[in-house]
Amino acid sequence: MKHTKDFSISRRNFLVGTAMVAVAPAAMCFPQEKKPMSLKLVDVPQSIPEKVYSSEAHGISRKTHDEHLKLWQGYANKTNEIRKALAEMEVDPAKANQIYSAIRALKVDYSFAYQGLINHNVYFETLGGKGGPATGRIGELIQESYGSFEKWVADFKATGMASRGWVYLAYDHAEKRVFNYGGDAQNTFPIFNHTLVLAMDVYEHAYFMDFGVARMKYIEAYLNCIDWDAVNKLGEAVTTR
Ligand SMILES: [Fe+2]
């Protein structure tokens, strides 16, 4: 992945700015001139990880992934576009409005774009494995929460059939458990204080070319392609402490 750009304030500029505030009159502490907020751009994915194509053996084709890449890139590009717009806009609280306002439009669609990017990052990072029963710490957490891997699979499949966009396996920091969440769009229904360790895309673009409307066949193929090592790696930092 490439194209990370960080326009955050430099240490030197920060120190200069701090010194200026120290000697400036109170009115100058809140300058009125337009100043861009700190801007950081996300990486735009350039290709599908090679291991992901091993899913062809189970029926999820290379063509599907290659088309999917264009959508994945779209979420990254739109995330950056909205970040730039927010960085450049003159924020005026008096013009903000919950029915419609420029900042409302940007904030709402930002969650769709950025969460869409995160969802796809996790989807492609955790595909391309051998499937089978969950391993490692995540496997233990699945046992603790669902009683058995088979029961987790049943819940995961059912959640996939009942959702319009995603199934998320996430670790709840407060309860120290994992749970299968359903999602109807890119930005529904994540919950704070969780870490996402597995994400299954159930939008039609993820399976229609290969399975038509037979979503369950796609879900079963997907389960055979999960890279549990990658899932555990995503959960490593939070499930071992
Ligand atoms: Fe997708």
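This one's a predicted model, so the numbers in the text were calculated from it and none came from an experiment. (Residues numbered from 1 in each chain as written. Predicted model: local features only at pLDDT ≥ 70, side-chain atom pairs only at ≥ 80, totals over all residues.)

Caption draft 1: Structural detail: the overall build of the protein chain. Counting secondary structure elements, the protein chain contains eight helices and three strands. Its helices and strands in sequence order give the protein chain the pattern α-α-α-α-α-β-β-β-α-α-α, from N to C terminus. A separation threshold of at least 6 residues defines the contact pool for the protein chain, and within that pool the share at least 24 residues apart is 73%. (Helix = DSSP H or I, 4+ residues; strand = E, 2+ residues; numbered from the N terminus. Contact = placed C-beta atoms within 7 Å.)

Caption draft 2: Structural detail: the pairing of strand β3 (residues 194-201). With six of eight residues buried, β3 lies mostly within the body of the structure. Of the strand pairs in this sheet, strand β1 (residues 166-172) and β3 are connected by seven bridges, and their pairing is antiparallel. Bridged to V167 within β3 is M200. (Buried ≥ 20, exposed ≤ 12 C-beta atoms within 10 Å, placed from the backbone. Pairing = 2+ DSSP bridges.)

Caption draft 3: Here's a closer look at unusual backbone geometry. Residue F189 follows T188 across a cis peptide bond; omega there is -5°. In this fold, F189 is placed in the loop between β2 (177-183) and β3. The backbone phi angle of N193 is positive, close to 65°, even though this residue is not glycine. When you line up the elements, N193 lands in the loop between β2 and β3.

Caption draft 4: Representation of the sheet that holds β2 in the model. The three strands lie next to each other as β2-β1-β3, forming an open sheet whose pairing is antiparallel. Edge positions in the sheet fall to β2 and β3, since each of these pairs with one other strand and no more. Each strand of the sheet is rotated relative to its neighbour by a mean of 25°, with strand direction disregarded. Sheet analysis places β1 next to β2, joined by seven bridges and oriented antiparallel. Bridge pairing links A170 to F179 in β2. (Axes fitted to C-alpha atoms, helices over the stretch in contact; angles between N-to-C directions.)

Caption draft 5: Molecular detail of helix α3 (residues 102-125). Counted at 1.5 Å a residue, the expected span for α3 with its 24 residues is 34 Å, and the 34 Å between its end C-alpha atoms agrees. Buried within α3 are the following residues: A113, Y114, Q115, G116, L117, N119, H120, N121, V122 and F124. Those residues of α3 hidden inside the fold are in contact with α2 (62-88), β1, β3 and α8 (228-239). (Expected span 1.5 Å × (residues − 1).)

Caption draft 6: Local environment of the nonpolar core. Judged by nonpolar contacts, the single largest core of 38 residues is most densely connected at I138, Y168, A170, V197 and V231. Leave out the neighbours within four places in its chain, and I138 touches V178, V197, W228, V231, N232, G235 and T239. (Core = buried A, V, L, I, M, F, W, Y, C linked by C-beta atoms within 7 Å.)

Caption draft 7: Region of interest: the environment of R215. Note that R215 resides in helix α7 (residues 215-223). Separated by 12 residues in the primary sequence, R215 and Y203 have C-alpha atoms spaced 9.4 Å apart. Ignoring anything within four residues of it in the chain, the contact list for R215 reads M161, V202 and Y207.

Caption draft 8: Representation of α2 within the structure. In a regular helix each residue adds 1.5 Å, so 27 residues correspond to 39 Å; α2 covers 39 Å between its end C-alpha atoms and thus fits that length. By the burial criterion, the buried members of α2 are T64, H65, H68, W72, Y75, A76, T79, N80, I82 and R83. Tucked inside the fold, the buried residues of α2 contact α3 and α6 (208-211).

Caption draft 9: Representation of the packing of α2 against α3. The contact between α2 and α3 brings their axes to 8 Å, and the two run at 145°. The interaxial crossing formed by α2 with α3 has left-handed handedness. Contacts from W72, Y75, A76, K78, T79, I82, A85 and L86 in α2 reach L106, D109, Y110, A113, Y114, G116, L117 and H120 in α3. In terms of residue class, the contact of α2 with α3 is built from 11 nonpolar, three polar and two charged. (Left-handed = near helix turned anticlockwise from the far one by under 90°. Nonpolar A, V, L, I, M, F, W, Y, C, P; charged D, E, K, R; others polar.)

The values reported here are purely geometric and, on their own, carry no functional implication.
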